[in-house]
Amino acid sequence: MNRFSYSKPQQVSEALQQLSDTGRFIAGGTNLLDLMKENVARPSQLVDINALPLNKIETTQAGGLRIGALVKNSTVAYHPDVERVYPLLAHAILAGASAQLRNMASTGGNLLQRTRCYYFYDVGTPCNKREPGSGCGALEGQNRIHAILGHSEQCIAVHPSDMCVALAALEATVHVSGPSGNRSIPFADFHRLPGDTPHLDTNLAPDEIITAVELPPRGFAENFAYLKLRDRASYAFALVSVAAGLELNGTSIGAARIALGGVAHKPWRCPEVEAALIGKPATEESYRMAADALLQGAVGFEHNRFKIELARRAIVRALSEAAAGVNAQ
Ligand SMILES: Cc1cc2nc3c(=O)[nH]c(=O)nc-3n(C[C@H](O)[C@H](O)[C@H](O)COP(=O)(O)OP(=O)(O)OC[C@H]3O[C@@H](n4cnc5c(N)ncnc54)[C@H](O)[C@@H]3O)c2cc1C
């Protein structure tokens, strides 16, 4: 691990002032410290943001919820308003990591966690995300956990978060602060596809800090499902996950949200497919149509082609469970 300086500011403005070009913010440290130990990240400075006043969950004037960037994943998952209005988010968070990790992991850090691609972590191998221009070891290598949608010739890594899949389905907004002021980024625009800049995971500028994530009032609490398919029943990242929310008018679909995890460089959503479900009967046939449309253009690699069919079945199952209301309290 490289030598680094350490500071612990009390205010967001101080934190922004203190951050140098080669420095990094640290929150729970559950991802950044691992990356530092593996020499994947070599910051010269750590700005510890844990004393900043970003650890509240508050109701918004619009009737939604504002979750401070430092609120721990476990606090979010067990917050009464999240359990009541956004159980999809609670289920997604509790499907991830372990209790100990969720107690440390912050909301902002979860959004910015890096891929679990083996080649990204192994500094002895090429990786365009870690070292632009060095190549992609996964393209012709061990690519079982990799992307089937939205990948590029430069990078086939996936975003590993569970929480972010639910936040995508719920159409959250990310609030950020930087030297030139505050701005809000719709969740769909927060993470990026790799294209020819796979080293950039998000549209957050390097000198900006996440201050909060805001949820709109609509939570799909009656008809939702978070389905995570993985190699072990716990403590494993998703091969494929589906966050599904439905509003039903009798036996037909009034509104639908579907976001996929484990399949792309960002949570994968297609609003056109969701719109096409409106007015359709809440039946397996409709869900199959949606799954086929969502996976149109999916391309697998030597070891992960199975993910296309896995995702198709997972979408149908998640929508069926959501419609049946099996998870509602
Ligand atoms: C063994 C293991 C298993 C895991 N399993 C899962 C899983 O199944 N599902 C899942 O979703 N996750 C999983 N995780 C990932 C875990 O959820 C993340 O490591 C965690 O959410 C990161 O949050 P943190 O606060 O610890 O971030 P840190 O490690 O502190 O920071 C991560 C990155 O975010 C930046 N950062 C942090 N906060 C801010 C902010 N407010 N503004 C700007 N930049 C910021 C840091 O500079 C750093 O680059 C697992 C992790 C481990 C170690």
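- Identification of the protein chain as Xanthine dehydrogenase YagS FAD-binding subunit from Pseudomonas duriflava is taken from an unreviewed UniProt entry.

**Observations regarding the site of the ligand**
Part 1 of the reasoning: The ligand sits among 33 residues. The nearest are Phe-25, Gly-29, Thr-30, Ser-106 and Asp-162.
Part 2 of the reasoning: Within the backbone of Ile-210, one N or O atom sits 2.9 Å away from a nitrogen atom of the ligand.
Part 3 of the reasoning: In this structure, an oxygen atom belonging to the ligand sits 3.0 Å away from a side-chain N or O atom of Lys-228.
Part 4 of the reasoning: Counting residues per element, the ones that place at least two in the shell around the ligand are β2 (23-26), α2 (32-37), α7 (107-112) and β8 (209-215).
Part 5 of the reasoning: Broken down by element, the shell around the ligand gets its largest block of residues, four residues, from α7.
Part 6 of the reasoning: Looking at the shell around the ligand, its residues break down into 16 nonpolar, 12 polar and five charged.

**Brief notes about helix α12 (residues 284-294)**
Each full turn of the α-helix corresponds to 3.6 residues, which orients residues three or four apart in the same direction.
Part 1 of the reasoning: Along α12, the residues that are buried comprise Ser-286, Tyr-287, Ala-290, Ala-291 and Leu-294. Viewed along the axis of α12, the buried residues span an arc of 135 degrees, placing them on a single side of the element.
Part 2 of the reasoning: Check the buried side of α12 and you find it contacts β10 (240-249), β11 (252-261), β12 (268-269), α11 (271-277) and α13 (306-324).

**A look at unusual backbone geometry**
Part 1 of the reasoning: Of note in this structure, Ala-97 is not a glycine but carries a positive phi near 55 degrees.
Part 2 of the reasoning: Along the chain, Ala-97 falls in the loop between α5 (87-94) and α6 (99-104).
Part 3 of the reasoning: Despite not being glycine, Glu-171 has its phi angle at roughly 55 degrees, a positive value.
Part 4 of the reasoning: Relative to the elements of secondary structure, Glu-171 occurs in the loop between α9 (163-169) and β6 (173-178).
Part 5 of the reasoning: Of the residues examined, Glu-171 reaches a relative accessible area of 38% and is grouped as partly exposed.

Analysis parameters
- Residues numbered from 1 in each chain as written.
- Predicted model: local features only at pLDDT ≥ 70, side-chain atom pairs only at ≥ 80, totals over all residues.
- Heavy atoms only, no water.
- Near = heavy atom within 4 Å.
- Polar contact = N/O pair within 3.5 Å; in protein donor to acceptor, adjacent residues only side chain to side chain.
- Helix = DSSP H or I, 4+ residues; strand = E, 2+ residues; numbered from the N terminus.
- Nonpolar A, V, L, I, M, F, W, Y, C, P; charged D, E, K, R; others polar.
- Buried < 20%, exposed > 50% of the residue type's maximum accessible area, 1.4 Å probe, protein only.
- Arc of directions from axis to C-beta.
- Contact = heavy atoms within 4.5 Å.

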